[in-house]
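Geometric and topological summary
Next come the chains, spelled out residue by residue.
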Amino acid sequence: MPAPAHLDPRLLCAFVTVAEELHFTRAAARMYVAQQALSRDVRRLERELGAELFVRTTRQVTLTADGERLLPHARRVLDAQDDLLAAFGQARPLLVDLNSPGLTTGRRVLYRARELAPDCELMARYESGLTGAAAELLAGRLDASFGRFAGLAPTLRTGLAHQPVRYEPMAVVLPEDHPLASLEAVPLAALAGESVYAGAGNPRTPEWTDLAHRLFEGRGIRVASPLPLAVGDEEFERIMAKTRNPILTVVDFPAMPRTVQRPLVDPVPLSPVSLVWRKGLVHPGFDALRRAATEIALADGWLDRPDEGWIPDTDESVMSGHK
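Residues numbered from 1 in each chain as written. Predicted model: local features only at pLDDT ≥ 70, side-chain atom pairs only at ≥ 80, totals over all residues. Heavy atoms only, no water.

Let's talk about the overall build of the protein chain
When you go through the protein chain residue by residue, the secondary structure sums to 11 helices and 13 strands. Evaluated residue by residue, the protein chain yields a buried proportion of 46% over its 323 residues. Considering only residue pairs separated by 6 or more positions, the protein chain has 75% of its internal contacts joining residues 24 or more positions apart. Put simply, the protein chain has 37 plus and 42 minus side-chain charges, and the middle of one group is 3 Å from the middle of the other. (Helix = DSSP H or I, 4+ residues; strand = E, 2+ residues; numbered from the N terminus. Buried < 20%, exposed > 50% of the residue type's maximum accessible area, 1.4 Å probe, protein only. Contact = heavy atoms within 4.5 Å. Lys, Arg positive; Asp, Glu negative; His and termini not counted. Charge placed at Lys NZ, Arg CZ, Asp CG, Glu CD.)

Now the structure itself:
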């Protein structure tokens, strides 16, 4: 077999990690990936090189002669890549959109990534919604964002990649004197007849409004009509107090004066959250961001869906078949 014209450094990284651990489970945990994905990458590298790199038995993993021969070359390639990324990564910060101040998911991932890559500068940005961030991502003015990838227009998704991070339980914000405010959790059926605010008319968040439409369909719940775009917490709170519409949100939405937040149940609606970036992004801080997302999702069960959990059919394949 002729030598391949190009080798993906990710495959070399998988090989070196397994070679150092001589254990696929430990190597997968170290890389924050599923063991099946790691095994798949190693086998792909073996196919591309036309050589078996490991002897695998039920008790142990050892390097073959070809694996021993490849290891020093692979390490030199990865070291050179690290040097290159470090040189360019230090030239500018990694710009990470957290949607809105106070939301937990993106902020926790960003804070952990800063711990994993203390020499990199990871800067927070706030673009309100994923659709609003997508144009900035594609233009290179933003590096990463968080949100519902399936809710983006197909033309936007073409130039972007994503990594599922969390199925975030959804909630409703109610005026403190609303009839449903006394409940510990609000069944979706109890919202029948209500007009619920879900960002209709906001050009930065149509993916959220679409999620609301899909959730409310057939349940007698209306998406509230568009409102003037409120900029800043104070203006948002003022408009919401004036309309008194319940607000569809997620469980970590920041508290607002004179309101209560209640989780939604029967079923439990879930907001599918991905880490999203433009294809081809290379930055050492970005590697830390992906590792942080994987680490926290595994530790906190962010991708474990409850039996009564709901997401739209459109999101099922996107979340399970991501690249």
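Quick notes on the pattern of salt bridges
All told, the structure shown has 18 salt bridges when counted by the stated rule. The salt bridge partner of E21 is R26, with a shortest N-O separation of 3.4 Å. Note on R26: relative accessible area 43%, which makes it partly exposed. Measuring nitrogen to oxygen at the nearest pair gives 3.0 Å for the salt bridge that ties R141 to E136. Assessed through its relative accessible area of 51%, R141 is described here as exposed. (Salt bridge = Lys/Arg side-chain N within 4 Å of Asp/Glu carboxyl O.)

A closer look at the packing of helix 1 (residues 9-21) against helix 2 (residues 24-31)
Where helix 1 meets helix 2, the axes come as close as 8 Å, and the angle between the chain directions of the two elements is 125°. Looking at the two axes, helix 1 sits oblique to helix 2. In the crossing of helix 1 with helix 2, the sense of the turn from one axis to the other is right-handed. Residues C13, A14, T17, V18, E20 and E21 of helix 1 form the contact with helix 2, whose participating residues are F24, R26, A27, R30 and M31. Per-class residue counts for the contact of helix 1 with helix 2 are six nonpolar, one polar and four charged. (Axes fitted to C-alpha atoms, helices over the stretch in contact; angles between N-to-C directions. Parallel < 35°, antiparallel > 145°, perpendicular 65-115°, else oblique. Left-handed = near helix turned anticlockwise from the far one by under 90°. Nonpolar A, V, L, I, M, F, W, Y, C, P; charged D, E, K, R; others polar.)

Overview of helix 10 (residues 284-300)
Taking 1.5 Å per residue as the helical rise, helix 10 with its 17 residues ought to reach 24 Å, and the 25 Å between its terminal C-alpha atoms agrees with that figure. If you check which residues of helix 10 are buried, you get P284, G285, F286, A288, L289, A292, A293, T294, E295, I296 and A297. Directly beyond the C-terminal end of helix 10, a positive phi value near 65° is found at G301. (Expected span 1.5 Å × (residues − 1).)

Structural notes on the pairing of strand 5 (residues 144-147)
Burial of strand 5 is two-sided: the residues A144 and F146 facing one way and the residues S145 and G147 facing the other way are all buried. Bridging between strand 5 and strand 12 (residues 268-278) involves four bridges; their strand directions are antiparallel. Each residue of the ladder has a partner; that of S145, found in strand 12, is V276. (Pairing = 2+ DSSP bridges.)

Thoughts on helix 5 (residues 104-116)
Along its 13 residues, helix 5 runs 18 Å from first to last C-alpha, staying within 8% of the 18 Å computed at 1.5 Å per residue. The set of residues buried in helix 5 consists of T105, G106, V109, L110 and A113. Burial along helix 5 is one-sided: seen end-on, the buried residues are contained in an arc of 120°. Looking at the packing, one finds that the buried side of helix 5 touches strand 3 (94-97), strand 4 (122-125), strand 5, strand 6 (160-175), strand 12 and helix 10. (Arc of directions from axis to C-beta.)

Things to note about unusual backbone geometry
Geometrically, the link from D266 to P267 is a cis peptide bond, its omega value of -5° lying close to zero. Mapped onto the fold, P267 is located in the loop between strand 11 (259-265) and strand 12. Residues other than glycine seldom take positive phi values, yet R258 does so here, at roughly 60°. The residue R258 is located in the loop between strand 10 (247-250) and strand 11 in this model.

Describing the nonpolar core
V96, V109, L122, F146, L275, F286 and L289 are the most contacted members of the largest nonpolar core, which totals 25 residues. If one sorts the elements of this core by residue count, helix 10 sits on top with seven residues. Once you skip the residues sitting within four places of it in the chain, V96 turns out to touch L110, M123, A124, R125, L142, A144, F146 and L289. Grouped together as the second largest cluster of nonpolar side chains are 24 residues, V172, L180, V250 and V260 included. (Core = buried A, V, L, I, M, F, W, Y, C linked by side-chain atoms within 4.5 Å.)

Digging into the environment of L71
Within the element layout of this structure, L71 appears in helix 4 (residues 65-89). Here L71 falls in the buried class, since its relative accessible area comes to 9%.

Describing the state of the cysteines
Evaluated as defined, the whole model comprises zero disulfides. C13 forms no disulfide, and the closest cysteine sulfur to it belongs to C120, at a distance of 16 Å. (Disulfide = S-S within 2.5 Å.)

Re the pairing of strand 3
Residue alternation in strand 3 divides its side chains into two sets, L94 and V96 and L95 and D97, and both sets are buried. The pairing of strand 3 with strand 4 spans four bridges and is classified as parallel. Residue pairing in the sheet places D97 in a bridge with R125 of strand 4. Taken together, strand 3, helix 5 and strand 4 form a β-α-β motif whose crossover is right-handed. (Right-handed = clockwise from strand over helix to strand, strands pointing away.)

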